[in-house]
Amino acid sequence: LDELREAARDGEWSINWQPLDEACRAATAADQNSNFTEAVRHYCRAISFMMNELRLQNVKKAGDSTVRL
């Protein structure tokens, strides 16, 4: 996830960070409570969400009609 975050920031991609951050916080809390199954579940959701956001970048860029000089 850290590498995906870095790639998104470096690439200046448009990402909705709130769901990712919430999933990571939930995973950390579950891990601290020794609920490792739940922690893994939250991390998997976070990764899945991030991958979907990255896939949408091509769609967002294709639909961008802004002219840049």
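So, a few notes on the structure that sits alongside this text.

Thresholds applied
- Residues numbered from 1 in each chain as written.
- Predicted model: local features only at pLDDT ≥ 70, side-chain atom pairs only at ≥ 80, totals over all residues.
- Heavy atoms only, no water.
- Helix = DSSP H or I, 4+ residues; strand = E, 2+ residues; numbered from the N terminus.
- Buried < 20%, exposed > 50% of the residue type's maximum accessible area, 1.4 Å probe, protein only.
- Contact = heavy atoms within 4.5 Å.
- Phe/Tyr/Trp six-rings, centres within 6.5 Å; stacked < 30°, edge-to-face > 60°.
- Lys NZ or Arg CZ within 6 Å of the ring centre and 35° of its normal.
- Expected span 1.5 Å × (residues − 1).
- Arc of directions from axis to C-beta.

1. Some remarks on the overall build of the chain
Broken down by element type, the chain carries 3 helices and 0 strands. The secondary structure elements of the chain, listed N-terminal to C-terminal, are α-α-α. Residues counted as buried form 23% of the 69 residues belonging to the chain. In the chain, the share of contacts with a sequence separation of at least 24, taken over all contacts with a separation of at least 6, comes to 53%.

2. Quick notes on the packing of aromatic side chains
Scanning all chains against the criterion turns up 0 aromatic pairs. Seen from the ring of Trp-17, Arg-9 lies directly overhead, with NZ or CZ sitting 4.9 Å from the centre.

3. Remarks on helix 2 (residues 17-32)
With 16 residues, helix 2 extends 22 Å between its outermost C-alpha atoms, agreeing within 8% with the 22 Å of an ideal straight helix rising 1.5 Å per residue. Considered for burial, the residues of helix 2 that qualify are Leu-20, Ala-23, Cys-24, Ala-27 and Ala-30. Seen end-on, helix 2 carries its buried residues on one side only, within an arc spanning 125 degrees. Facing away from the buried side of helix 2 by more than 90 degrees, the exposed set consists of Gln-18, Arg-25 and Gln-32.

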